[in-house]
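So you can see what is in the structure, the chains are spelled out below.
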Amino acid sequence: MIIIGSDHGGYETKEFLKKQLEKNNHPYIDCGCDGSSVDYPDIAELVCRRVLKDPGSKGVLVCGTGVGISIAANKIKGIRAALCGDYYTAKYTRLHNDTNVICLSGRAIGCEAAWELLNVWLTTEFEGGRHTLRIDKITAIEEKEYTNE
Ligand code: RB5
């Protein structure tokens, strides 16, 4: 399942991406917004908590730059969110970082470009191997942070 959300800065892109997801038979849940002004941390939290509840699901977040919503998403334990603005990053952040959330800009790139990035991200699998150890190290940092060691 794909969990998608945006603030007002990413609304138009989110609506475009939903149409592409439908065309490509990817089921999704839309966590808002409806186009009215909202705060991106609220949407990031809604989407990410839902992703964590449903193992195997992936999150898609869009705000004006993609930056605010990615910072907020990465505060949540278990979330590895990548802000992607180019094809290489979108692909390798799945192969090497096993990201479970992609963040996109609604204002710096066009809707078609956003879909290209989302599409390659959705269809690329984590490579595993040596990258698993590195992900484990990220998780270890997270554990320390959350237990204030
Ligand atoms: C909202 O105007 C804007 O600040 C937000 O969408 C995003 O760009 C924040 O990083």
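Everything that follows concerns the structure shown earlier in this document.
Residues numbered from 1 in each chain as written. Predicted model: local features only at pLDDT ≥ 70, side-chain atom pairs only at ≥ 80, totals over all residues. Heavy atoms only, no water.

### Structural notes on unusual backbone geometry
Stage number 1. The peptide bond linking glycine 32 to cysteine 33 adopts the cis configuration, its omega dihedral lying at 10°.
Stage number 2. One can find cysteine 33 in the loop between strand S2 (28-30) and helix H2 (40-53).
Stage number 3. Located in the positive-phi region is aspartate 98, a residue other than glycine, with phi close to 45°.
Stage number 4. Here aspartate 98 lies in the loop between helix H4 (87-95) and strand S5 (101-105). (Helix = DSSP H or I, 4+ residues; strand = E, 2+ residues; numbered from the N terminus.)

### Concerning the pattern of salt bridges
Stage number 1. Per the counting criterion, the structure on display carries eight salt bridges.
Stage number 2. Glutamate 15 is the salt-bridge partner of lysine 14, the closest N and O atoms lying 2.9 Å from each other.
Stage number 3. The partner of aspartate 30 in a salt bridge is lysine 18, and the shortest N-O contact between them spans 2.8 Å. With aspartate 30 in strand S2 and lysine 18 in helix H1 (residues 11-23), this residue pair connects regions lying twelve residues apart in the sequence. (Salt bridge = Lys/Arg side-chain N within 4 Å of Asp/Glu carboxyl O.)

### Quick notes on the pairing of strand S1 (residues 2-6)
Stage number 1. With five of five residues buried, S1 is to be regarded as a mostly interior element.
Stage number 2. Burial of the side chains of S1 extends over both faces: Ile2, Ile4 and Ser6 are buried on one face and Ile3 and Gly5 on the other.
Stage number 3. Looking at chain direction, S1 and S2 are connected through three bridges and run parallel. Bridge pairing in S2 links isoleucine 3 to isoleucine 29. (Buried < 20%, exposed > 50% of the residue type's maximum accessible area, 1.4 Å probe, protein only. Pairing = 2+ DSSP bridges.)

### Thoughts on H1
Think of an α-helix as turning once every 3.6 residues; residues three or four places apart then point the same way.
Stage number 1. Along its 13 residues, H1 runs 19 Å from first to last C-alpha, staying within 8% of the 18 Å computed at 1.5 Å per residue.
Stage number 2. Every buried residue belonging to H1 is among Thr13, Lys14, Phe16, Leu17, Lys18, Gln20 and Leu21, and all of these are buried.
Stage number 3. Tucked inside the fold, the buried residues of H1 contact S1, S2, strand S3 (58-63), S5 and helix H5 (111-122).
Stage number 4. Just beyond H1, the residue with positive phi is asparagine 25, at close to 55°. (Expected span 1.5 Å × (residues − 1). Contact = heavy atoms within 4.5 Å.)

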